[in-house]
Amino acid sequence: MSETGIGARVTRKEDFRFVTGRGTYTDDINRPNQLWMWLLRSPHAHARLKKIDTTAAAKMPGVHAIFTHDDLARDNVGGLPCGWLIHSKDGSPMVEPPHPVLAAGVVRHVGDPIAAVIAETRAQAREAAEAIEVDYEVLPAVVDTREAIKDGAPQIWPEAKNNTCFDWHLGDKDAVDKAFAKAAHVTKLDLVNNRLVPNAMEPRAAIGEYDVATGEHTLWTTSQNPHVIRLLMGAFVLHIPEHKLRVVAPDVGGGFGSKIYHYAEEALVTWAAAKVKRPVKWTADRSESFMSDAQGRDHHTHAELALDKDGKFLGLRVSTLANLGAYLSTFSTSIPTYLYGTLLAGTYTTPAIYVETRAVFTNTVPVDAYRGAGRPEASYLLERIVDLAADELGIDPAELRRRNFIPKDAYPYQTPVALQYDSGDYFTTLDMALKAADYANFEARRKEAASRGKYRGIGMATYIEACGIAPSAVAGALGARAGLYEMAEVRVHPTGSVTLFTGCHSHGQGHETTFAQLVADRLGIPIDQVEVVHGDTGKIPFGMGTYGSRSLPVGGSAIVKALDKVVAKGKKIAAHLLEAAEADIEFKDGKFQVAGTDRAKTFGEIALTAYVPHKYPIEELEPGLDETAFYDPKNFTYPAGAHVVEVEIDPDTGVVELKGVWAADDFGRIINPMIVEGQVHGGLAQGIGQALLEHCVYDDSGQLLTGSFNDYAMPRADDLPSFHLGTNATLCTHNPLGVKGCGEAGAIGSPGAVMNAIVDALSPLGVKHIDMPASPRRIWETIQAHRPRMAAE
Amino acid sequence: MSTIEQVPVTVTVNGKTHKRFVDPRMLLIHFIRDELNLTGAHIGCDTSHCGACTVEMNGMSIKSCTVFAVQADGASITTIEGMAAPDGTLHALQEGFRMMHGLQCGYCTPGMIMRAHVLLKENPDPTEEEIRSGIAGNLCRCTGYQNIVKAIQYAAAKLNGRTIQEAAE
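Residue positions are counted from 1 within each chain, in the order its sequence is given. Both sets of labels track the order of writing: A upward for chains, 1 upward for ligands. In view of the model being predicted, local features appear only for residues whose pLDDT reaches at least 70, and side-chain atom pairs are presented and counted only at 80 or more, with totals across whole chains, interfaces and linings using the full set of residues. Computation of side-chain values: all heavy atoms of the structure, hydrogens and water removed.

1. A word on the packing of aromatic side chains
Think of a pair of aromatic rings as described by two things: how far the centres are apart, and how the planes are tilted against each other in angle. Residue and element names in this part refer to chain A. What counts is decided by this rule: Pairs were defined over the aromatic rings of Phe, Tyr and Trp, the Trp ring being its six-membered one, requiring ring centres within 6.5 Å. Orientation was assigned from the angle between planes: stacked under 30 degrees, edge-to-face over 60, tilted for the rest. The secondary structure listing takes helices from DSSP runs of H or I that are at least 4 residues long and strands from runs of E that are at least 2 residues long, numbered from the N terminus. Exposed residues in this analysis have more than 50% of their type's maximum accessible area, buried residues have under 20%, and partly exposed residues fall in between, with area computed by a 1.4 Å probe over protein chains only. Lysine NZ or arginine CZ positioned within 6 Å of the ring centre and within 35 degrees of the ring normal marks a charge as sitting over the ring.
Applying the stated criterion to the full structure yields 22 aromatic pairs over all chains. Arranged with centres 5.7 Å apart and planes meeting at 75°, the rings of phenylalanine 290 and phenylalanine 709 form a pair that is edge-to-face. A residue pair is termed long-range when its members are at least 10 positions apart, and phenylalanine 290 in helix H9 (residues 286–292) and phenylalanine 709 in the loop between helix H18 (673–692) and strand S28 (724–727) qualify at 419 residues. No difference in accessibility class separates phenylalanine 290 from phenylalanine 709, as the two residues are buried. Aromatic rings pair up to connect Phe313, Tyr348, Phe405, Tyr411, Tyr426 and Phe427 into one cluster. In this arrangement the basic side chain of lysine 173 is found over the ring face of tyrosine 354, its NZ or CZ atom lying 6.0 Å from the centre. Taking the ring centre of phenylalanine 180 as reference, the NZ or CZ of arginine 317 above it sits at 4.1 Å.

Laid out in structure tokens, this is it:
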């Protein structure tokens, strides 16, 4: 292994600009002569807009224009599209209501945009927005899916009866019924997967600019996938052909899913800039982020697990209510279906699985993918119900898991819920995590804690995820309205340095380093001779972007394919220069060599020859050394692993202290261990945040009660311990690098492990389940409710 | 609004003195970003909860989104742009964040480094617990803080003339 090649702990190329304050985030960009946009947003969760009077606001200082839905309609501006069509059990397509850029007569959640004010300064735009007079007819609202599906509940869309978008299912219901009929034991569990706010530290921002001379539109935006935004906004919303629309996503301050989607503000600044013939900028404040960034999770689930007398899983039955919010966000419908139901085999051999998901509209902010996206929901419910079953049957939870793990020699393994796992070893990662946590001697620690009046518990969770979405044809058959390949262009310059263009945007993942390692390793050139370019449709031919831990499995595979092409062409050039047969040329360590001889040309010499083709097979080969490849994955990848968490609970305060967090993961081949560890750390923090701290809460009228960092508890440095990590690799069998992806794992495995530890800690009190987040108040109340009463009470 | 009279402020930032007339309501973070074009300090929440806007003012780390520019009149401020030596050599904290992978998206990093800078002045050799407590006012959504702690330990070791431990231990 070289110091910068595959497997090396290379410090990041991108860091210099960030540690010196020279990153360029969207809000750092100011265009000459720019105006500002501020949006008037609904203070009500559900209301009819009887009248919007902009007369006074339009006369405010600095105001250039005020736009409402009517202005957009006059220009035939379309609605924001949904990228995945789901069909219900009965074969009918999902209800797909319009998603107007500005509210069309009705607002459906707090924060729904009503009018866009364009003014000289942000403050002037904001002041004018506050002067717009809106006559609201407030309508009844519903925020809880369990209420929304009842007859007589407020109707958010007339076409969606009982607020149901679709009623989807997957699996063999009859087989599951039969499994339950012969079960020796059935474990039942109702649980909530709490709603979360992604809260990337950089609030969303967008700048639109229109060049009157060329008719070209440019959008700078905080996006994980600028090409997808160009496609959706250009084709469906603003009807701008792609050759006249450039979308740039510069440095982006975190995404976690929330910056995948096409948002109204992107279309508004692009459209308004052409209207007012000046650049238009919008930057969200954090309050807007809370009420306009797509949120995550929000499931209510009933699950039943059938087991035989030996604890073997026979069948799993799952029924979920999934909250979609008021509108369909870009990929919202795929999350509680194909990224959730298909993961319900987990790491286990459960032969029969049936899942039904009813997706429900409510008067809340739209819900879409947030780190893990469907897979944390699946993993959490599985790992909770497995622990509950272990408790009911009196089997050690690690032993019950081992009895049901997919055997090491069973790959490729076909699950009953569509997926085929290519490789894995769940025994080893569980054993690694348990050993690291000294699971064997835990009871002594429980006893010692009890002597101090504390409850101590240990919990584990295994997880599997499906990453690197996905074969385009398969996804298309399941309702995806896009391809899911990735693109790479390797541009070798005449002096042998390389610019790599990738469609996978980097917003913290370190692509500029990991991808450069791939190039340096393969071409045998120094890593500082490689520049990675991403995030600009004007530079990169195409790309599907960064989500679902796909950048390395899919984007990296495209890079390898393009590098293969570069090497193949280099061999032809070398064969000509060395007067040898092409088949005799070997490429190794940056040299094209005639096999068995010392005759060789360096990579740099070949590059120069490609661009200065004086001695060159010009009849057979074009000059230049610039190769593009598209890679369409053959399957998902299946990262998996085990997390173990130990907690101690103070019964007087209900505070949960994390005594230890251990993760053992299988990510396949690892390119940069330092970056992978960082990804796991961040994922763990978000998963632990979900389990202990974070909860997005609306009151019954639809007001967002957790609309700031004052009310929404984000994990802080003193909430978390240092984590203990380990890895065990089984290679992916169907991509060229053997990589699986690591971005989401931490957030998928940890909630179950934390909650299992908490339930274990409180098990002496008879506690069987606690919903997330396990806040001090919730823990304290649970302890109070279960504590043995004194005789006098 | 334009009818409000602008007021003069004189602020020394990274050793250079700037005189401007500003709206009384202008926040210090906007003064730094928009008037001085120093965009290293970021805005993450507008409410002093996240610390992305942290700068050093008169020796204290402050959240510049909740300080008016006029309150900084006469003050001496250091921002992330003023941390490296004039010859470009990175400060021990900047080097530590890079060596220990103490950043991912980089958005919180300038504020985090400025907070850590003041922390290390207050407590030159902090324990992990003291570091975690000392940076608890600064949010990071990417790193889980573990490598930020290591980055600050790296800097403390370097500033104290000790050998620097390996990153991943």
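There is more to say after this.
2. Observations regarding the domain arrangement of chain B
Residues and elements named next belong to chain B. Heads up, the condition is: As used throughout, domain bounds are those supplied by an automatic or database domain assignment. When checking whether two residues touch, look at their non-hydrogen atoms; a contact exists if any pair is within 4.5 Å. Summed over both partners, the accessible surface that disappears when two parts come together, traced with a 1.4 Å probe, is what is meant by buried area. Here, a salt bridge means any side-chain nitrogen of Lys or Arg that lies within 4 Å of a carboxyl oxygen of Asp or Glu. Pairs of N or O atoms are called polar contacts if they sit within 3.5 Å, as long as, within protein, a hydrogen donor faces a hydrogen acceptor (for residues adjacent in sequence, only side-chain-to-side-chain pairs).
We note that the domain assignment places domain 1 (7–82) and domain 2 (92–168) within chain B. Between domain 1 and domain 2, the C-alpha centre-to-centre distance is 22 Å. The partner domain 2 presents 14 residues to the 19 residues of domain 1 that form the contact. Across the domain 1 to domain 2 interface the summed buried area is about 1200 Å²; carbon plus sulfur atoms make up 57%. When the buried surface of domain 1 facing domain 2 is broken down by residue, His42, Glu56 and Ile80 rank first, second and third, together holding 40% of it. Applying the counting criterion to the domain 1 and domain 2 interface returns one salt bridge. A salt bridge links glutamate 56 to lysine 121; its shortest N-O distance comes to 2.5 Å. Summed over the shared surface of domain 1 and domain 2, the number is nine residue pairs in polar contact (both at pLDDT 80 or more).

3. Looking at the nonpolar core
Side chains of a nonpolar character, in soluble globular proteins, are inclined to be buried together. Inclusion rule: Among buried residues, those of type Ala, Val, Leu, Ile, Met, Phe, Trp, Tyr and Cys that are joined through side-chain atoms within 4.5 Å constitute a nonpolar core.
In terms of nonpolar packing, the biggest core is built from 189 residues, with Tyr421, Ile649, Ile758 and Leu762 of chain A together with Phe97 of chain B touching the most fellow members. Those residues in contact with tyrosine 421 of chain A that sit more than four places away from it in its chain are Ala345, Gly346, Ile406, Tyr411, Pro412, Tyr413, Thr415, Tyr426, Ile464 and Tyr638 of chain A. Grouped together as the second largest cluster of nonpolar side chains are 48 residues, Ala575, Ile585, Phe592 and Ala607 of chain A included.

4. Regarding the sheet that holds S28 of chain A
All names here are of chain A. Heads up, the condition is: Paired strands, as defined in this entry, are two strands with at least two bridges between them according to DSSP. Each axis is a line fitted through C-alpha atoms, taken for helices only over the stretch in contact, and angles between the N-to-C directions span 0 to 180 degrees.
An order of S18-S26-S27-S28 is seen for the four strands of this open sheet, with the pairing classed as mixed. Of all the strands in the sheet, the pair left with one neighbour each is strand S18 (455–464) and S28. With direction set aside, neighbouring strand axes in the sheet form an average angle of 15°. Where strand S27 (residues 656–666) and S28 come together, four bridges link them in parallel fashion. The partner of alanine 663 across the bridge, within S28, is leucine 725.

5. Topic: the domain arrangement of chain A
Residue and element names in this part refer to chain A. Taken as a whole, chain A is organised into domain 1 (18–139 + 201–254 + 259–292), domain 2 (373–464 + 636–792) and domain 3 (485–631). For domain 1 and domain 3, the distance between their C-alpha centres works out to 39 Å. Across the contact, 16 residues belong to domain 1 and 14 residues belong to domain 3. Carbon and sulfur atoms supply 55% of the area that domain 1 and domain 3 bury against each other, a total of about 1300 Å² over both sides. Looking only at domain 1, the three residues that lose the most surface to domain 3 are Gln224, His227 and Arg246, adding up to 42% of its buried area.

6. As for the interface of chain A and chain B
Going by this rule: Each residue is assigned to one of three groups, with Ala, Val, Leu, Ile, Met, Phe, Trp, Tyr, Cys and Pro labelled nonpolar, Asp, Glu, Lys and Arg labelled charged, and all others, Gly among them, labelled polar.
Listed as interface residues are 53 residues of chain A and, on the opposing side, 47 residues of chain B. Both sides together, the interface formed by chain A and chain B hides about 4300 Å², and carbon and sulfur atoms give 55% of it. The largest per-residue losses of area from chain A upon contact with chain B belong to Val19, Met201 and Arg716 of chain A, which jointly make up 16% of the total buried on that side. For the interface between chain A and chain B, the tally reads four salt bridges. A salt bridge links arginine 33 of chain B to aspartate 28 of chain A; the shortest N-O distance between them is 2.8 Å. Scanning the region where chain A abuts chain B turns up 29 residue pairs in polar contact (both at pLDDT 80 or more). The element contributing the most residues to the side of chain A that touches chain B is H18 of chain A, with nine residues. Split by residue class, the side of chain A that touches chain B holds 24 nonpolar, 15 polar and 14 charged.

7. A short note on the environment of aspartate 172 of chain A
All names here are of chain A. Here aspartate 172 is to be found in the loop between strand S7 (164–171) and helix H6 (173–181). With relative accessibility at 44%, the residue aspartate 172 sits in the partly exposed group. As a C-alpha pair, aspartate 172 and glycine 7 span 165 residues in sequence and 43 Å in three-dimensional space. Beyond its immediate sequence surroundings of up to four residues, aspartate 172 is in contact with Ile353 and Tyr354.

8. What about helix H2 (residues 92–99) of chain B?
Burial of H2 of chain B is extensive: six of the eight residues sit out of reach of the surface. Ala92, Leu93, Gln94, Glu95, Gly96 and Phe97 of chain B are the residues of H2 of chain B that are buried. For H2 of chain B, the elements touching its buried residues are helix H1 (15–19) of chain A together with helix H3 (109–122) and helix H5 (146–159) of chain B. Just beyond H2 of chain B, the residue with positive phi is histidine 101 of chain B, at close to 55°.

9. What about the pattern of salt bridges?
Residue and element names in this part refer to chain A. Considering all chains together, one arrives at 62 salt bridges over all chains under this definition. Residues arginine 317 and glutamate 304 are paired through a salt bridge, measuring 2.9 Å at the closest nitrogen-oxygen approach. Highlighted residues: arginine 317 in strand S14 (residues 313–325) and glutamate 304 in strand S13 (residues 299–307), separated in sequence by 13 residues. In this structure, aspartate 626 and arginine 491 form a salt bridge, with 3.4 Å as the shortest nitrogen-oxygen distance.

10. Digging into the side chain of histidine 300 of chain A
Residue and element names in this part refer to chain A. Topologically, histidine 300 is positioned in strand S13. Only 3.3 Å separates the side chain of histidine 300 from the side chain of arginine 146, close enough to count as a polar contact. Those residues in contact with histidine 300 that sit more than four places away from it in its chain are Asp144, Thr145, Arg146, Leu191, Val192, Ser319, Thr320 and Leu321.

11. Here's the deal with the environment of leucine 231 of chain A
Residue and element names in this part refer to chain A. Mapped onto the elements of the fold, leucine 231 is located in helix H7 (residues 226–237). In this structure leucine 231 comes out as partly exposed when scored by relative accessible area, which is 31%. The sequence separation of leucine 231 and leucine 552 amounts to 321 residues, and the corresponding C-alpha distance is 23 Å. Residues contacting leucine 231, with those up to four places away along its chain left out, are Phe236 and Glu242.

12. Looking at the confidence of the model for chain B
What counts is decided by this rule: Per residue, pLDDT captures the predictor's confidence, and it can take any value from 0 to 100.
Considering every residue of chain B, the mean pLDDT works out to 95; 95% of them sit at 70 or more. Reported confidence for the predicted complex is 0.97 by ipTM and 0.97 by pTM.

13. Here we look at the environment of histidine 493 of chain A
Residues and elements named next belong to chain A. In this structure, histidine 493 sits in the loop between strand S19 (486–492) and strand S20 (498–502). Take histidine 493: its relative accessible area is 23%, and that puts it in the partly exposed class. As for histidine 493 and alanine 580, which are separated by 87 residues in sequence, their C-alpha atoms are 25 Å apart. With residues near it in sequence (within four places) discarded, histidine 493 still touches Val498, Thr499, Ala607 and Tyr611.

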